[in-house]
There are 10 protein chains.
Amino acid sequence: MISSREEVTQLIVATKVQKGIKWSAVAEAIGLSKEWTTAACLGQMTFDKKQAETIGELFDLPDEAVAWLQIAPYKGSLPTAVPTDPLIYRWYEVVNVYGSTIKELIHEEFGDGIMSAIDFSMDIKREACPKGDRVNVVLSGKFLPYKTY
Amino acid sequence: MISSREEVTQLIVATKVQKGIKWSAVAEAIGLSKEWTTAACLGQMTFDKKQAETIGELFDLPDEAVAWLQIAPYKGSLPTAVPTDPLIYRWYEVVNVYGSTIKELIHEEFGDGIMSAIDFSMDIKREACPKGDRVNVVLSGKFLPYKTY
Amino acid sequence: MISSREEVTQLIVATKVQKGIKWSAVAEAIGLSKEWTTAACLGQMTFDKKQAETIGELFDLPDEAVAWLQIAPYKGSLPTAVPTDPLIYRWYEVVNVYGSTIKELIHEEFGDGIMSAIDFSMDIKREACPKGDRVNVVLSGKFLPYKTY
Amino acid sequence: MISSREEVTQLIVATKVQKGIKWSAVAEAIGLSKEWTTAACLGQMTFDKKQAETIGELFDLPDEAVAWLQIAPYKGSLPTAVPTDPLIYRWYEVVNVYGSTIKELIHEEFGDGIMSAIDFSMDIKREACPKGDRVNVVLSGKFLPYKTY
Amino acid sequence: MISSREEVTQLIVATKVQKGIKWSAVAEAIGLSKEWTTAACLGQMTFDKKQAETIGELFDLPDEAVAWLQIAPYKGSLPTAVPTDPLIYRWYEVVNVYGSTIKELIHEEFGDGIMSAIDFSMDIKREACPKGDRVNVVLSGKFLPYKTY
Amino acid sequence: MISSREEVTQLIVATKVQKGIKWSAVAEAIGLSKEWTTAACLGQMTFDKKQAETIGELFDLPDEAVAWLQIAPYKGSLPTAVPTDPLIYRWYEVVNVYGSTIKELIHEEFGDGIMSAIDFSMDIKREACPKGDRVNVVLSGKFLPYKTY
Amino acid sequence: MISSREEVTQLIVATKVQKGIKWSAVAEAIGLSKEWTTAACLGQMTFDKKQAETIGELFDLPDEAVAWLQIAPYKGSLPTAVPTDPLIYRWYEVVNVYGSTIKELIHEEFGDGIMSAIDFSMDIKREACPKGDRVNVVLSGKFLPYKTY
Amino acid sequence: MISSREEVTQLIVATKVQKGIKWSAVAEAIGLSKEWTTAACLGQMTFDKKQAETIGELFDLPDEAVAWLQIAPYKGSLPTAVPTDPLIYRWYEVVNVYGSTIKELIHEEFGDGIMSAIDFSMDIKREACPKGDRVNVVLSGKFLPYKTY
Amino acid sequence: MISSREEVTQLIVATKVQKGIKWSAVAEAIGLSKEWTTAACLGQMTFDKKQAETIGELFDLPDEAVAWLQIAPYKGSLPTAVPTDPLIYRWYEVVNVYGSTIKELIHEEFGDGIMSAIDFSMDIKREACPKGDRVNVVLSGKFLPYKTY
Amino acid sequence: MISSREEVTQLIVATKVQKGIKWSAVAEAIGLSKEWTTAACLGQMTFDKKQAETIGELFDLPDEAVAWLQIAPYKGSLPTAVPTDPLIYRWYEVVNVYGSTIKELIHEEFGDGIMSAIDFSMDIKREACPKGDRVNVVLSGKFLPYKTY
């Protein structure tokens, strides 16, 4: 019996490595962005029934796993509060070094409030550059003003 | 005697509040982006001599402070490893929830390596949207492949 | 020179103790709820110009402090990640003991998403009870569904 | 042999996903609120004999598991002191941002003491709202004054 | 201006050392136990007006400090989560080594619930013993059963 | 093969739940207090040969487990430094809120030294009270003065 | 089914101990330095197809493991943030004691920026010395200046 | 009165910034390497009398500060266990990613033991490279075998 | 006004550096071991009246400081749970590497119990050795058996 | 397949309990001290081939385990940074309370440097005493002066 979404994630990841499946192909199969699809496969988002069945077929998952994919998961993909993996750490570093800057500039433009991480999308792509290609990431989050009451 | 860059940052921030200076105006005065300029004013980047003098004039800083602005600072702008401020926390949450996704997709596109946080730029702007304006952020970092030797 | 909002909070708190001012009276003076007003006085929300001036008069604050009240503060009111104060700890305990329950029930009713802590209000009142009066707190937060993209 | 309540919780959760059982239906079956019932199923409360047997039938639990449900569990439902899941984190954030406010206002109304998390109830419901439905939560806890001796 | 209860505690402690005042004498002066009185002087309890004035006289405190003594303080008397002082650590050790035992035995006697730390008293005294005197401590806390709802 | 005392503790606890054994009955069987006996069964104390054999019979333990019961265990019964379980947390809170008070009063009575947690006993009992029964706990620990040399 | 790179690392390490394989021999077999090769075998680098197959033969790995070796791993080889192993701790100590020195001297020579840990190589060798041989380590990392924008 | 070595370090650093002194010039003045000299100026090593006096003259230090420079300091130059500054973090990352590799290779060459961080020297220099200059660091530490007894 | 023992410790340490006083000379002056005396001067032990006065004269302390020296201090001499200073870290490492060994051997010899850190003495001396002098430390602590009750 | 030294340690410990083997007897069998032998059996030291074979015989270990005993292990024997076991904690407390004292006295005698934890030995024995026997521990570590370069 599968008792957590993490077990499903492990099944997906193990099958992906064994079969050499690409995340972009999975995204295409369910008709959504590669960013949302990958996050969902890695246990951070909730699939609807049809999407879950497609994922189940692609990764040869048992029915029980397909049921788990439709349950809102306990989110958080990092094993430690400060990530040790260098690629992910660089993002943590950006938040640490630029955190106060991001805060100042969003407040300067919008006033007090936050940039939503829920009504949010992300787009990661290659940016060709003669000095070495770059990773270009666009983050878009709704501005939510603090409610006064 | 000023014994750390943090004291200079506090002088800048206190003067900014008192005089009502905008970060975008400071950026214009030194001819660089508002993102880099704000980060530098908040103690995360190093000004060159001319920039430092301009900052010194805008914020009425003593000579000693102007000297400190030209010294590479000990970086990191957050008081705790996991930020408590909701605006900054949302960014930490993005790294936590999407961390494994970002890792997978950059590796799928570029192979093993990282997105640089040094050869890096950031652009924060308002994205008009009928359902409520959004914060749009573009991050651009050079891809650095792991060296094999 | 005042170099942080925390110094303003300390001025307000010290004056409150000395003069015996009540939070409910402050709230009435600026025409908002006692919950939002207290949070703002304790450095967690941003006052507009008129509100800040009223606060400045009530607490005999210098002009500089009044300017700081209009700046979006770095939020977070607790000195440690797990609060030691028994009253506040009980709230942390509720989150810890009931956290998974809250998650399950909100998802069962609304699907995947969160209850906003920004488009949010709180109302604390006395609930008379023959076995001993109770604290009754109503929390109201907009449900924000996860965006699919 | 089942050696902890956590194993029973995992059985319940896995069966719930597989069978598509709703917490509200479980609550109805044992005649208590959905909040208490869910917390109890998730290993935070103690069932009496009759309730435990009902739960055992609903979730096809072995006798041993039914015995465990009647034992006061080691409570705490979060894997980390600061929760990573965004829905639960928002509650932690409320405690962090509003913690000092809650403390001030309860003391202003009741004097020194706490709001009990034991003689406590919680009610979570949907609050229809034209701008987007809201999560409405009522917390009710007995006020306990500090004993002087 | 005094901006926190901690400053008042420091004044009390410094004066106590300078004048050689005993906690038992302070307790007698306000007519309460030495345990409650000491805790209150160390910033953990709230004095009423008359008690606060007596304390003010005993320790030559300014009026402002006397006002602070009547405000419910942010409680917690230890600088670190795990105390380093050997005397206090032994108590932490008792909680750590005997924690599960205390839990089991209170539940065996009373069912699920807690021993209150608010409706609580403590009595510390010398217990003469030929092999070396002992510290005898009686803790009395109201049993609070978990509410079912 | 059993490779740690913890496995033995799990066997004992699982059997206790299954058979409905009471700690007080176990204590009676080995002729010691319920406090020491429970702590020992929960892996915090060392049984002698005869006691271990009695425990082995009561809980149907294999010989190997009986051997482990006679080995001084690695002590500490809590999964986290700050306990999450509300009953145990209240004890941690007592140490935190009253820690400095306990220190002051023991030193006032005995001078510098500690209250032993080794030459120590604990007695937990019900204290009838018209306003609600109380948990009464007596702790007795030998005072150990710091050696001067 | 193998569900993580760590399982592959354990297979490699267990086989290495059983067969008495040397890291230098592995390095020779794939034609790269012993430093990169060892790091890769320990789950910190990504092998290409041919290298992975060679590793697979040397360590009798199943095909699935060979597939995992070609996937960029989640990096970080230490079980705790501050390493307990004395050999590795000495390196942490060097970073702690000399950290500010390294920062000052690299900035004095190169200006603001970092020494890359990605475009990086390391060479560990024995340095004969009459007073006792020494470990000589050469680290070479590209200097990356902070981008101004 | 100067009550810690850290105050002396702050005096040195503040004067360095104000006067624009270079670490290499300081090193030359006392006739030692720039690495040892900088570490000593930053409060990590102990100067002898003559060196301390030279430092005192270069940085206009009071006699008391010169006395402190000759006292073995409490070492450790980082404000947090995991450094936030990107330059220093890269070194922490090297220890984390390559830690197990360094351990394996030193043991393969030397057997069980450590590389000393006390009988240790470090040399940081620029390594010209057409693709961008590199930081070249040589670490040399005596191998110390574990004593068998 | 002196409000903590730490301020007294700082006065002692600052005067020691300025005047070049040796701990062994202080020990001789009060007629106790250099280990106890140093610990007491560093704020870890309590002086009696006569000792405190001698210390006061040696270090030119004000009367208030002499009073503080006679108060049992809050003990613990390290700024972090894991010490960063290499000399002190080696002792932490001994406890970490040999901790389980020490436990096993004391239990093998004495049964369950502890080695007292209160009825304890320490003697640090030079041990001449042709291969390089050694630090020889003798620790002597009373064995305290766990009480059975 | 055995994939870590810890599994070998568990085999040794389980067998020791089952067979009632004494560490002193093991030490005698390999002709070394009980301290080094116990540490090695508990996974902290490396056996040579002959010693490993003797250990293998005493504890009925498979060949693979005997191979593991000859590999330098990842050291550190405690499950948490601050040990919870009272016997081991007392040693941590000694380091905490006496840490600054040990540092001062070693520096006063030897100058700047450390006491080695590698070229180190330990001897634990019973010290008869009329007031209760004592644990007497002699630690001997080579003094290593900081290298100047």
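What counts, and at which threshold
Residues numbered from 1 in each chain as written. Chains lettered and ligands numbered in written order. Predicted model: local features only at pLDDT ≥ 70, side-chain atom pairs only at ≥ 80, totals over all residues. Heavy atoms only, no water. Helix = DSSP H or I, 4+ residues; strand = E, 2+ residues; numbered from the N terminus. Buried < 20%, exposed > 50% of the residue type's maximum accessible area, 1.4 Å probe, protein only. Contact = heavy atoms within 4.5 Å. Areas by Shrake-Rupley, 256 points an atom, 1.4 Å probe, with all protein chains shown as cover. Lys, Arg positive; Asp, Glu negative; His and termini not counted. Charge placed at Lys NZ, Arg CZ, Asp CG, Glu CD. UniProt positions renumbered as here; feature names shortened; annotations may be inferred. Pairing = 2+ DSSP bridges. Axes fitted to C-alpha atoms, helices over the stretch in contact; angles between N-to-C directions. Buried area = accessible area lost by both parts, 1.4 Å probe. Salt bridge = Lys/Arg side-chain N within 4 Å of Asp/Glu carboxyl O. Polar contact = N/O pair within 3.5 Å; in protein donor to acceptor, adjacent residues only side chain to side chain. Nonpolar A, V, L, I, M, F, W, Y, C, P; charged D, E, K, R; others polar. Least-squares fit on C-alpha atoms with pLDDT ≥ 70 in both. Domains from an automatic or database assignment.

Describing the overall build of chain A
A count of helices and strands for chain A gives six helices and two strands. Each helix and strand of chain A, placed in order from N terminus to C terminus, yields the pattern α-α-α-α-α-α-β-β. The buried share of chain A, taken over its 149 residues, is 64%. Of all intrachain contacts in chain A linking residues separated by at least 6 positions in sequence, the fraction that spans at least 24 positions is 51%. Total accessible area computed for chain A in this model is approximately 5,300 Å², and 52% of it derives from carbon and sulfur atoms. In chain A, which carries 16 positive and 20 negative side-chain charges, the distance between the mean positions of the two groups comes to 3 Å.

Structural notes on the UniProt feature "active site" (unreviewed entry) in chain A
In the numbering used here, UniProt assigns the feature "active site" (unreviewed entry) to Arg90, Glu93 and Ser116 of chain A. Inspection of the secondary structure assignment puts Arg90 of chain A in helix H6 (residues 86-110). Residue class for Arg90 of chain A comes out buried when judged on its relative accessible area of 2%. The residues touching Arg90 of chain A, leaving out its near neighbours within four places in the chain, are Ile114, Met115 and Ala117 of chain B, Ile118 of chain G together with Arg90 and Glu93 of chain H. Overall, Ser116 of chain A belongs to the buried group, its relative accessible area being 2%. Discounting chain neighbours no more than four positions away, the residues touching Ser116 of chain A are Gly141, Lys142 and Leu144 of chain A.

Structural notes on the sheet that holds strand S1 (residues 113-127) of chain A
Spatially, the four strands line up as an open sheet ordered S1(A)-S2(A)-S2(B)-S1(B), and their pairing is antiparallel. With one partner strand each, in any of the chains shown, S1 of chain A together with strand S1 (113-127) of chain B form the two edges of the open sheet. On average, adjacent strands in this sheet sit at an angle of 20° to one another, irrespective of strand direction. Pairing between strand S2 (residues 134-145) of chain A and strand S2 (residues 134-145) of chain B: nine bridges, direction antiparallel. Considered in S2 of chain B, the bridge of Val138 of chain A is made with Val138 of chain B.

Here's the deal with the interface of chain B and chain C
Taken together, the contact between chain B and chain C spans 18 residues of the former and 15 residues of the latter. Summed over both sides, the interface of chain B with chain C buries roughly 1,300 Å², with 63% coming from carbon and sulfur. Ranking the residues of chain B by area buried against chain C places Val17, Gln18 and Asp85 of chain B at the top, with a combined share of 34%. At the junction of chain B and chain C, the tally comes to zero salt bridges. Counting the contacts that link chain B with chain C gives three residue pairs in polar contact (both at pLDDT 80 or more). The element that contributes the greatest number of residues to the side of chain B that touches chain C is helix H1 (residues 5-19) of chain B, accounting for seven residues. The residue inventory of the side of chain B that touches chain C, partitioned by class, reads 10 nonpolar, four polar and four charged.

As for the sheet that holds strand S2 (residues 134-145) of chain J
As summarised here, the arrangement of the four strands in space is S1(I)-S2(I)-S2(J)-S1(J), forming an open sheet in which the pairing is antiparallel. Single-partner strands in this sheet number two, and they are strand S1 (113-127) of chain I together with strand S1 (113-127) of chain J. Strand-to-strand twist across the sheet, computed as the mean angle between neighbouring axes with direction ignored, equals 20°. Running at roughly 20° to S1 of chain J, helix H6 (residues 86-110) of chain I makes contact with S1 and strand S2 (134-145) of chain I together with S1 and S2 of chain J of the sheet.

Side note on the relation of the copies chain B and chain A
The transform that puts chain B on chain A rotates by 180° and translates by 0.0 Å along the axis, for an RMSD of 0.0 Å. Overall, the copies show the geometry of a two-fold rotation axis. Among all C-alpha atoms of chain B, that of Val138 of chain B lies closest to the rotation axis, at 2.3 Å. Both copies contact each other with a shared surface, as 100% of the interface residues of chain B are interface residues in chain A too.

Focus: the side chain of Ser116 of chain H
For Ser116 of chain H, the position within the fold is in strand S1 (residues 113-127). A polar atom in the side chain of Ser116 of chain H sits 2.9 Å from the backbone nitrogen of Asp119 of chain H.

Digging into the relation of the copies chain B and chain C
After a rotation of 72° and a shift along the axis of 0.0 Å, chain B superposes on chain C with an RMSD of 0.0 Å. Seen this way, the second copy is the image of the first under a five-fold rotation axis. Residue Thr80 of chain B of chain B places its C-alpha closer to the rotation axis than any other residue of that unit, at 8.4 Å.

Let's talk about the domain arrangement of chain A
One frequently used descriptor of interface size is the decrease in accessible area upon assembly of the parts. Residue and element names in this part refer to chain A. What the domain assignment reports for chain A is domain 1 (5-68), domain 2 (79-110) and domain 3 (112-149). In this structure, domain 2 and domain 3 have C-alpha centres spaced 12 Å apart. The interface is formed by four residues belonging to domain 2 together with six residues belonging to domain 3. Counting each side, the surface lost to burial between domain 2 and domain 3 is near 470 Å², with a carbon and sulfur contribution of 80%. Looking only at domain 2, the three residues that lose the most surface to domain 3 are Trp91, His107 and Phe110, adding up to 79% of its buried area. In this assembly, domain 2 and domain 3 are joined by zero salt bridges. Across the contact surface, domain 2 and domain 3 share zero residue pairs in polar contact (both at pLDDT 80 or more). Residues that form the side of domain 2 that touches domain 3 fall into these classes: three nonpolar, one polar and no charged.

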